[in-house]
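# Commentary on secondary and tertiary structure
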Amino acid sequence: SSDLCMESFGSPLNCYFQRFGSAFPDTDVHFGSVGSFFRNEPVEGSFETGPPYVKETMDRMAVRLDKLLAASNRPLSFIVFVPDWYVFYLLRIFS
């Protein structure tokens, strides 16, 4: 299914979906957080992924997405929102 089911990086203040990944799962769990994107292990579904625009975080996200996609044999997709300067950087890495 291509229906988005969750945000990978969110907070109770800016989430659209009932479930979201967040940086503070200890407090955000009461509002629908499933924990950190970097600890979540999705194997199926479609996820909106808009990390903080910090190069190190986006680097970790890119490596994590690559591993998650390679490990899943089920329908799994991520719609990723990053600034345009980072897209050119990713193309150099994954090309």
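For the structure given in this document, a descriptive report is provided here. Every value quoted in this text rests on a predicted model; they were computed, and no experiment measured them.

For the rest of this paragraph, the subject is the environment of leucine 76. Of note, leucine 76 is situated in strand E5 (residues 76–80). Expressed as a C-alpha distance, the spacing of leucine 76 and proline 42, which sit 34 residues apart in the sequence, is 7.9 Å. In this view, leucine 76 contacts Pro42, Val43, Glu44, Gly45, Phe47, Leu68 and Leu69; residues no more than four positions away in its chain are not counted.

With that settled, consider the packing of helix H2 (residues 55–71) against helix H3 (residues 84–94). The contact between H2 and H3 brings their axes to 12 Å, and the two run at 45°. Looking at the two axes, H2 sits oblique to H3. For the crossing formed where H2 meets H3, the hand is right-handed. Together, Lys55, Met58, Asp59, Ala62 and Asp66 of H2 and Trp85, Tyr86, Tyr89, Leu90 and Phe94 of H3 make up the contact between the two elements. A breakdown of the residues in the contact of H2 with H3 according to their chemical character gives seven nonpolar, no polar and three charged.

What follows concerns the sheet that holds strand E3 (residues 33–35). Pairing is parallel in the open sheet, where five strands are placed in the order E3-E2-E1-E4-E5. Both outer strands of the open sheet, E3 and E5, are each paired with one neighbouring strand and no more. Taken pair by pair, the neighbouring strands of this sheet meet at an average axis angle of 30°, ignoring direction. The sheet contact formed by strand E4 (residues 45–49) and E5 spans five bridges and is parallel. Its bridge partner lying in E5, threonine 49 is registered against valine 80. Against the sheet, H2 engages strand E1 (4–10), E4 and E5, with an angle of about 160° to E5.

Quick look at the packing of aromatic side chains now. Across all of its chains, the model carries six aromatic pairs by this definition. Between phenylalanine 9 and phenylalanine 37 the ring centres are 4.9 Å apart and the planes differ by 40°, which places this aromatic pair in the tilted class. Taken as a pair, phenylalanine 9 in strand E1 and phenylalanine 37 in the loop between E3 and E4 lie far apart in primary sequence, 28 residues in all. As far as burial versus exposure is concerned, phenylalanine 9 and phenylalanine 37 are alike and both buried. For the ring pair tyrosine 16 and phenylalanine 17, a centre distance of 5.1 Å and an interplane angle of 90° mean the geometry is edge-to-face. For tyrosine 16, a relative accessible area of 71% translates into the label exposed. Members of the aromatic cluster, joined through ring pairs, are Phe9, Phe37 and Phe38. The side chain of arginine 60 reaches across the aromatic face of phenylalanine 38, ending 3.8 Å from its centre.

Now for H2. The end-to-end C-alpha distance of H2 is 24 Å, a good match for the 24 Å that 17 residues give at a rise of 1.5 Å each. Residues of H2 that are buried include every one of Met58, Met61, Ala62, Arg64, Leu65 and Leu68, and no others.

Cut-off values and rules
- Residues numbered from 1 in each chain as written.
- Predicted model: local features only at pLDDT ≥ 70, side-chain atom pairs only at ≥ 80, totals over all residues.
- Heavy atoms only, no water.
- Helix = DSSP H or I, 4+ residues; strand = E, 2+ residues; numbered from the N terminus.
- Contact = heavy atoms within 4.5 Å.
- Axes fitted to C-alpha atoms, helices over the stretch in contact; angles between N-to-C directions.
- Parallel < 35°, antiparallel > 145°, perpendicular 65-115°, else oblique.
- Left-handed = near helix turned anticlockwise from the far one by under 90°.
- Nonpolar A, V, L, I, M, F, W, Y, C, P; charged D, E, K, R; others polar.
- Pairing = 2+ DSSP bridges.
- Phe/Tyr/Trp six-rings, centres within 6.5 Å; stacked < 30°, edge-to-face > 60°.
- Buried < 20%, exposed > 50% of the residue type's maximum accessible area, 1.4 Å probe, protein only.
- Lys NZ or Arg CZ within 6 Å of the ring centre and 35° of its normal.
- Expected span 1.5 Å × (residues − 1).

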